[in-house]
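# Geometric and topological summary
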Amino acid sequence: MGLRVNTREVDKMFEDLLDMDKDVMADALPKFKENTPVATGNARQNTKLKKRKKNYAIHASYPYAGKLDEGWSSQRPKGMTAPTERDIDSLVASYIKRVT
């Protein structure tokens, strides 16, 4: 007599977790943009989700992104990354809860 274990659900859960970075970063992108100061709209317009090798990242492709993230603008003195990181923590927790 043998014992068989159906791993289908566990395998599906691991597959879903492999997609987590793309889904979480896609949900975090609008939050990052909300935390981006607005003067002309260039910064928000040039902030996009990019795939780098195997991971997804929010990419701010404009020369003064570092300055804005350091709090250079009085509109967003905490920058964009720190406030968005808190949102990402919450997004990851909810994604894991949904998958498991």
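Residues numbered from 1 in each chain as written. Predicted model: local features only at pLDDT ≥ 70, side-chain atom pairs only at ≥ 80, totals over all residues. Heavy atoms only, no water.

The number of helices and strands found in the protein chain is five helices and two strands. Starting at the N terminus, the α and β elements of the protein chain follow one another as α-α-α-β-β-α-α. Its C-alpha atoms put the protein chain at 70 × 25 × 15 Å along the principal axes. Counting the 100 residues in the protein chain, one finds 23% classified as buried. Contacts in the protein chain between residues at least 24 apart in sequence constitute 54% of all its contacts with a sequence separation of at least 6. Within the structure as shown, the protein chain displays about 7600 Å² of accessible surface, and the carbon and sulfur contribution to it stands at 52%. Charge separation in the protein chain, taken as the distance between the mean sites of 19 positive and 14 negative side-chain charges, equals 5 Å. (Helix = DSSP H or I, 4+ residues; strand = E, 2+ residues; numbered from the N terminus. Buried < 20%, exposed > 50% of the residue type's maximum accessible area, 1.4 Å probe, protein only. Contact = heavy atoms within 4.5 Å. Areas by Shrake-Rupley, 256 points an atom, 1.4 Å probe, with all protein chains shown as cover. Lys, Arg positive; Asp, Glu negative; His and termini not counted. Charge placed at Lys NZ, Arg CZ, Asp CG, Glu CD.)

Bringing the pairing of strand 1 (residues 47–52) into the picture now. Pairing geometry for strand 1 and strand 2 (residues 55–60), over six bridges, is antiparallel. Bridged to Lys50 within strand 2 is Ala57. Following strand 1, the chain reverses through two residues before pairing antiparallel with strand 2; Lys53 in that reversal takes a positive phi of roughly 55°. (Pairing = 2+ DSSP bridges.)

Here we come to the packing of aromatic side chains. The final tally for this structure, using the stated rule, is one aromatic pair. Between Tyr62 and Tyr64 the ring centres are 4.8 Å apart and the planes differ by 50°, which places this aromatic pair in the tilted class. On the accessibility criterion, Tyr64 (31% relative accessible area) is partly exposed. (Phe/Tyr/Trp six-rings, centres within 6.5 Å; stacked < 30°, edge-to-face > 60°.)

The tendency in soluble globular proteins is for nonpolar side chains to be buried as a group. Counting residues in each nonpolar core, the largest one holds 15 residues, and the members touching the most others are Val24, Ile58, Tyr62, Leu68, Met80 and Tyr95. Contributing elements (two or more residues each) for this core: helix 2 (20–34), helix 4 (65–69) and helix 5 (81–99). Per element, the largest residue contribution to this core is six residues, and it comes from helix 2. Setting aside residues no more than four positions away along its own chain, Val24 makes contact with Ile88, Leu91, Val92 and Tyr95. (Core = buried A, V, L, I, M, F, W, Y, C linked by side-chain atoms within 4.5 Å.)

As a further point, take helix 5. An ideal rise of 1.5 Å per residue puts 27 Å on 19 residues; helix 5 measures up with 26 Å between its terminal C-alpha atoms. When helix 5 is considered as a whole, its buried residues turn out to be Pro83, Thr84, Leu91, Tyr95 and Val99. The arc that holds every buried residue of helix 5, seen down its axis, measures 125°, which confines them to one face. Turned more than 90 degrees away from the buried face of helix 5, the exposed residues are Arg86, Asp89 and Lys97. Looking at the packing, one finds that the buried side of helix 5 touches helix 1 (8–18) and helix 2. (Expected span 1.5 Å × (residues − 1). Arc of directions from axis to C-beta.)

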